[in-house]
Amino acid sequence: MLQNCRKYKVLVFIVLIFSVNLVKAQSNSKIQQQFDKAMQFYNLRDYDSAKNEIEKIRKKNPRFVDAILLLSDIYHDLKSSDLEISTLETAIEYSKNPLIYLRLGKAYHSTGEYEKALVNYERYLDNQELSESRTAEINRDILSCRFAIDAVKHPVDFNPLRLSDSVNSNTHEYWPSVSLDRSRLVFTRLVHQASGLPQEDFFISEADSGGWRKAIPITGINTNENEGAQALSPNGRLLFFTACNRPEGFGSCDIYYSVYNGNNWGIPKNAGGTVNSSGWDAQPSVTSDNRFLYFSSNRAGGRGKKDIWRTELLEIQENGILRWGIPKNLGDSINSPGDEISPFIHPNNKSLYFGSDFYPGMGGMDLFYAEIKWDGTFTQHKNIGYPINTFSNEQGLNISADGTTAYFASAREPRFGLDIYAFQLPPEVRPDPVSYVKAKITDNETGAILQAGIELINLSSDSLVYRKEKADENGEVLLCLPLNANYAFNVSEKGYLFYSRSFQLNELKTVGKPVNIDIRLDKIKPGAEMNLYNIYFETDSFRILPPSEPELQKLVLFFKNNHGLNVEIQGHTDNTGTPQHNLELSWHRAQSVVDYLVSGGIEASRLKSKGYGETKPVASNENEEGKRLNRRTTVKIGAF
């Protein structure tokens with residue numbers, strides 16, 4: 001009897017265990033079904049329904065880690081970082097899966113909590129064997145956290161000021177581009193429409209004595225499609241921009257350009273199949289001499305996902321089409337296995353600013369700075385510092401000609417959305433400043449506008465770099481003058497004497513006042529004179545120096561284009577030395593110019609030399625600038 005009783009108890013115990021396990025299995029099966037349902041909602045981006053299913057699961061089993069991790073995924077997608085972190089912290093209580101440490105590290109990193117991110121990255125490395133590539137990735141994150149911790153302890157000066165409401169509005173404004181003389185600001189605005197989705201358009205604001213005037217849309221470029229990520233050339237006459245998915249495009253996004261004639265913007269043109277690829281080509285920036293175009297692209301042959309490339313302008317064809325050289329990758333000193341985007345080349349044509357998500361930084365996309373060296377390679381890139389860079393994405397920087405003021409977009413006041421701000425760039429990442437010459441060209445007698453040709457020649461370069469422009473429909477031109485070089489500046493128009501001037505910037509370290517000139521050209525007629533300032537002689541000698549070659553060649557061409565013209569070539573000096581010595585020196589210098597012209601094929605019978613020494617000054621001899629202006633060669637028409 002006792003034995004039968006024991007058998008019965010054992011049987012009941014087995015039945016109970018089986019029943020409990022059966023109920024538990026059924027419960028787990030139901031929870032798994034609910035989880036699968038939650039996953040379906042998640043994949044459909046129906047986050048509310050997914051969260052409802054997860055709540056049901058957690059009421060039955062609060063320790064069901066997969067549901068907790070799915071909830072953290074939802075918060076991640078919704079950019080609810082605090083909720084994502086708290087959910088992951090809950091998950092780590094129930095599971096020691098090392099991947100949770102990684103996700104916590106990423107989440108803390110994305111909110112700028114670098115100390116906590118560092119702890120979790122190190123825990124992840126310590127708790128499992130990783131592949132070489134994954135180890136390198138985590139070590140890069142650790143390096144960024146350590147960089148960020150130190151950067152926060154050593155912030156750079158940063159006091160951004162929101163531009164006025166004439167520029168910013170209650171919608172998003174971003175990607176500012178400022179002309180060399182800060183007279184023109186172009187930016188992208190997100191325009192809300194009565195029907196349909198908002199779209200990106202370009203707006204422009206002109207500056208006056210009161211600041212920025214009310215921004216207006218740019219007619220002729222804006223369409224019913226999106227236009228964005230633009231770059232205004234420093235002279236304000238070329239606008240490069242990005243447009244995507246257009247019928248004439250070569251890839252997903254292409255670079256386009258429009259030319260300003262002084263009054264209107266021309267119909268945009270695709271930059272062509274040399275610049276644009278079958279991939280993504282965007283975010284252009286142009287050098288101040290319009291010679292090189294920098295841009296970001298994911299085209300084949302790069303070093304990472306998106307790289308920065310550069311292409312050279314080879315020709316402006318008669319139909320206005322720009323012909324470009326084959327783009328070149330900027331190489332390992334700039335590009336990485338990650339993304340490099342939003343290049344900005346300063347008007348000094350050597351200081352490059354760009355965004356990268358790969359190099360040690362504050363998180364997301366940071367802004368970096370590098371300079372082109374003499375051999376065309378770049379210096380080691382440098383993070384421009386905290387709090388300019390943050391755990392968010394920074395891009396779209398634009399910097400003034402003098403190198404002090406930077407413009408960017410920020411959502412510092414959420415009620416306004418993205419707005420355009422200006423701030424003083426820290427000295428340690430400032431570019432070398434540039435000056436500029438702004439000229440208006442007219443007929444000296446009638447005041448009529450002249451669309452004359454302009455040449456700017458770098459006399460400090462072995463290659464004597466030429467910059468050729470033509471004045472716009474208002475007779476105006478704006479040219480950049482990087483420091484640490486001397487320049488010859490010439491203006492010429494058929495039927496007129498040409499204008500000559502020199503800019504001596506070789507010894508300058510800081511920018512003075514930009515040069516604004518009203519150039520009044522004289523028609524070729526007896527008695528008219530032109531002063532030439534780019535014919536150089538050895539000190540106290542009449543030996544012509546090599547930098548004089550461009551000006552002398554231009555003078556030879558002038559005589560060949562004006563047959564039968566007789567002139568007096570005059571030499572002038574400052575008041576250094578005795579009057580008699582200066583008189584003799586000036587004659588010899590004038591004769592040296594005559595000899596050069598004769599050697600260039602100009603008939604000697606058309607030329608006469610005469611020295612005037614210091615007797616005809618055009619400026620005061622009391623200062624160096626005045627003396628420089630008095631040392632000149634003058635061509636006088638029909639003098640004999």
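Right above here is the structure, for reference.
Since the structure is predicted, the reported quantities are computational estimates derived from the model, not experimental observations.

Chemist: What should I look at first to understand the sheet that holds strand S32 (residues 607-611) in this one?
Modeler: The strands making up a sheet associate through hydrogen bonds between their backbones, and the pairing can be parallel or antiparallel. With respect to topology, four strands assemble into an open sheet ordered S30-S33-S31-S32, the strand pairing being mixed. The sheet is open, and its two borders are formed by strand S30 (529-532) and S32, each paired with just one other strand. On average, each strand axis in the sheet is tilted by 20 degrees relative to the strand beside it, whichever way the strands run. Here strand S31 (residues 567-572) runs beside strand S33 (residues 632-637); their pairing, made up of six bridges, is antiparallel. Paired with glutamate 568 across the strands is lysine 636, a residue of S33. Packing of helix H8 (residues 549-561) onto the sheet brings it into contact with S30, S31, S32 and S33, and relative to S30 it is tilted by some 160 degrees.

Chemist: Would you mind showing me how to read the packing of H8 against helix H9 (residues 579-599) here?
Modeler: Two measures define how a pair of helices packs: the angle their axes make with one another and the distance between the axes. Interaxial distance between H8 and H9 falls to 10 Å at its minimum, and their mutual angle equals 60 degrees. The angle between H8 and H9 falls in the class oblique. As H8 runs across H9, the sense of the crossing is right-handed. Residues Glu549, Leu552, Gln553, Leu555, Val556 and Phe559 of H8 touch H9, and the partners they reach there are Val593, Tyr596 and Leu597.

Chemist: When you look at the pattern of salt bridges in this model, what are you seeing that I'm missing?
Modeler: Two side chains carrying opposite charge are able to pair once their charged atoms lie near each other. Counted under the stated rule, the structure contains 33 salt bridges. The closest approach of N and O atoms between lysine 554 and glutamate 455, which form a salt bridge, is 3.9 Å. On the criterion of sequence distance, the pair formed by lysine 554 in helix H8 and glutamate 455 in strand S24 (residues 453-458) is long-range, its members being 99 residues apart. The residue arginine 628 makes a salt bridge to glutamate 625 at a minimum N-O spacing of 2.6 Å. Here arginine 628 pairs with glutamate 625, and both are found in helix H10 (residues 624-630), just three residues apart, close to one helical turn. You can call arginine 628 buried: its relative accessible area is 15%. By relative accessible area, glutamate 625 is classed as partly exposed at 41%. Connected through salt bridges with shared partners, the residues Lys106, Arg134, Glu137 and Asp141 form a single ionic network.

What counts and what doesn't
Residues numbered from 1 in each chain as written. Predicted model: local features only at pLDDT ≥ 70, side-chain atom pairs only at ≥ 80, totals over all residues. Heavy atoms only, no water. Pairing = 2+ DSSP bridges. Helix = DSSP H or I, 4+ residues; strand = E, 2+ residues; numbered from the N terminus. Axes fitted to C-alpha atoms, helices over the stretch in contact; angles between N-to-C directions. Contact = heavy atoms within 4.5 Å. Parallel < 35°, antiparallel > 145°, perpendicular 65-115°, else oblique. Left-handed = near helix turned anticlockwise from the far one by under 90°. Salt bridge = Lys/Arg side-chain N within 4 Å of Asp/Glu carboxyl O. Buried < 20%, exposed > 50% of the residue type's maximum accessible area, 1.4 Å probe, protein only.

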